[in-house]
Amino acid sequence: MADIYVFIGPPGAGKGTVGEMFCEKTKAVHVSTGDILRQEMAAGTDLGNKVKGIIAAGGLVSDDIVAEMVENRLKKDDIVANGCLLDGFPRTVPQAEALKGILQRTNHRMAAVVLIEADNEMLITRLTSRRMCSNKACGAIFNIIAMPPKKEGICDRCGAKLYQRTDDTREAALNRLDVYAKQTAPLIDFYEAEGNLVRTTSTNDTPEVNFARLMDALKK
Ligand SMILES: [Zn+2]
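Before going into details, it helps to say that this report is about the structure given with it. The structure displayed is predicted, hence computed values, not measured ones.

1. As for the coordination of the zinc ion
Listed as protein donors to the zinc ion are C133 (SG), C138 (SG), C155 (SG) and C158 (SG); their distances from the metal cover 2.3 to 2.4 Å. Its four donor atoms give the zinc ion angles of 99 to 113° at the centre, a pattern that matches the tetrahedral case. When the donors of the zinc ion are listed by position in the chain, the intervening gaps give C-x4-C-x16-C-x2-C. Within this pair, whereas C133 is found in strand 5 (residues 130-133), its partner C155 is found in the loop between strand 6 (141-143) and strand 7 (162-163), the two being separated by 22 residues in sequence. For the residue pair C133 and C155, the accessibility class agrees, reading buried in each case.

In C-alpha cells form, the structure reads like this:
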C-alpha cells in the first residue's frame, strides 16, 4: 500500500514548484494525466489508440477513460514502491469518486489532499507580471517582479517596447481565478467531508519557505 497525494491550488500559487520539491524530497512519483495520455498513445495500447481517435476527431477524453488510465498507472511498480503525487486528476467530484474506487482496487491510500490557498491580489500580481518584447525577431520575455527590465517598458536586449499579452491582463487573471474557484469548491467540500483535506498557504516567501510550510501542514 502506497501513499497517494493530490495538490489543489489556484493558478499563480506555485503548485508546480512545491510539487516538484515534494517529489524530490519524498521520492513520490509525479504523475500527470497529460503525461499518462501521451505515454499510452506512444505505447500504442488499446486505450492509447482509442484516445488518439477521440483527439483526432476533436472530441474530449471522457472521465471513464482518464480514470482507467490513472488506474493502470497506479498499478506500476514505481508507484507501489514510492507512492505518487497526482497532477491534473481529480478535477471534479465524479473524478474524485472514481479515484476513491481506484485506490480501493489498487490497494493504495489517499494520504492527503493538499489545498494551497493564497491571497487573490498576490495571485493577480503574479499572473499579470509578464511582459513581452514587441520586436518579433527578439522575442525576449520579462517579468516585472522576478526579472524586470532595466528601463520600465523597454526591452534590455533590443530596445523595443514591451507589451502585455491579453491573457496576462488583470481581467484575464480574474477570470482564471474565478473559473478555478468555481471548479474546485465542490472538490474541496468533497475532500473535507472525506477527512483528507490539509490546508497550507502560499505567500511571497521563497519556494523553500512555502515548501517547508506545506510539509509542516502535512506533519512530514
Ligand atoms: Zn527585444
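Moving on from the coordinates now.
2. A closer look at the nonpolar core
In terms of nonpolar packing, the biggest core is built from 33 residues, with V70, L74, C84, L86, L99 and Y191 touching the most fellow members. The element that contributes the greatest number of residues to this core is helix 4 (residues 63-74), accounting for six residues. What L74 contacts, discounting residues up to four positions off in sequence, is I4, I79, V80, C84, L99, I102, L103, T106 and H108.

3. Some remarks on helix 4
Helical geometry: 3.6 residues make up each α-helical turn, so side chains three or four residues apart lie on a common side. With 12 residues, helix 4 should reach 16 Å at 1.5 Å per residue; the first-to-last C-alpha distance of 16 Å fits that figure. Residues I65, V66, A67, M69, V70, E71, R73 and L74 constitute the buried set of helix 4.

4. Thoughts on the sheet that holds strand 3 (residues 84-87)
With respect to topology, five strands assemble into an open sheet ordered 2-3-1-4-8, the strand pairing being parallel. Two strands bound the open sheet, and with one partner strand each, they are strand 2 (29-32) and strand 8 (197-202). Between one strand axis and the next, the sheet turns through 25° on average, direction left out of account. In this structure, strand 4 (residues 109-118) lies alongside strand 8, joined through six bridges in parallel fashion. In the sheet register, A118 faces strand 8, and the bridge partner there is S202. Sheet contacts for helix 9 (residues 207-217): strand 1 (3-8), strand 4 and strand 8; angle to strand 8, the most-contacted strand, approximately 160°.

5. Here we look at the packing of aromatic side chains
On inspection of all chains with the given rule, the structure shows three aromatic pairs. Taking 4.8 Å as the distance between ring centres and 70° as the angle between the ring planes, the aromatic pair formed by Y5 and F22 counts as edge-to-face. One end of the pair, Y5, is in strand 1; the other, F22, is in helix 1 (residues 15-26), and 17 residues separate them in sequence. Exposure remark for F22: the relative accessible area of 0% places this residue in the buried category. Ring centres 5.0 Å apart and planes at 85° place the aromatic pair F190 and Y191 in the edge-to-face group. Across the pair, Y191 and F190 agree in class, each one buried. A connected cluster of aromatic rings, assembled from ring pairs, spans Y5, F7 and F22.

6. What about the pairing of strand 4?
Remark: a regular strand shows side chains that alternate across the two faces of the sheet. With six bridges connecting them, strand 1 and strand 4 associate as parallel partners. Across the sheet, I8 pairs through a bridge with L115, a residue of strand 4.

7. Remarks on the sheet that holds strand 5
Reading across from one edge, 6-5-7 is the order of the three strands in this open sheet, with antiparallel pairing throughout. Of all the strands in the sheet, just strand 6 and strand 7 have a single pairing partner and so form its edges. Here strand 5 runs beside strand 6; their pairing, made up of three bridges, is antiparallel. The residue bridging M132 from the neighbouring strand is I141, located in strand 6.

Rules behind the numbers
Residues numbered from 1 in each chain as written. Predicted model: local features only at pLDDT ≥ 70, side-chain atom pairs only at ≥ 80, totals over all residues. Heavy atoms only, no water. Donors = N, O, S within 2.8 Å, 3.2 Å for Na, K, Ca; no water. Tetrahedral: all angles 85-135°; square planar, octahedral: opposite > 155°, others 65-115°. Helix = DSSP H or I, 4+ residues; strand = E, 2+ residues; numbered from the N terminus. Buried < 20%, exposed > 50% of the residue type's maximum accessible area, 1.4 Å probe, protein only. Core = buried A, V, L, I, M, F, W, Y, C linked by side-chain atoms within 4.5 Å. Contact = heavy atoms within 4.5 Å. Expected span 1.5 Å × (residues − 1). Pairing = 2+ DSSP bridges. Axes fitted to C-alpha atoms, helices over the stretch in contact; angles between N-to-C directions. Phe/Tyr/Trp six-rings, centres within 6.5 Å; stacked < 30°, edge-to-face > 60°.

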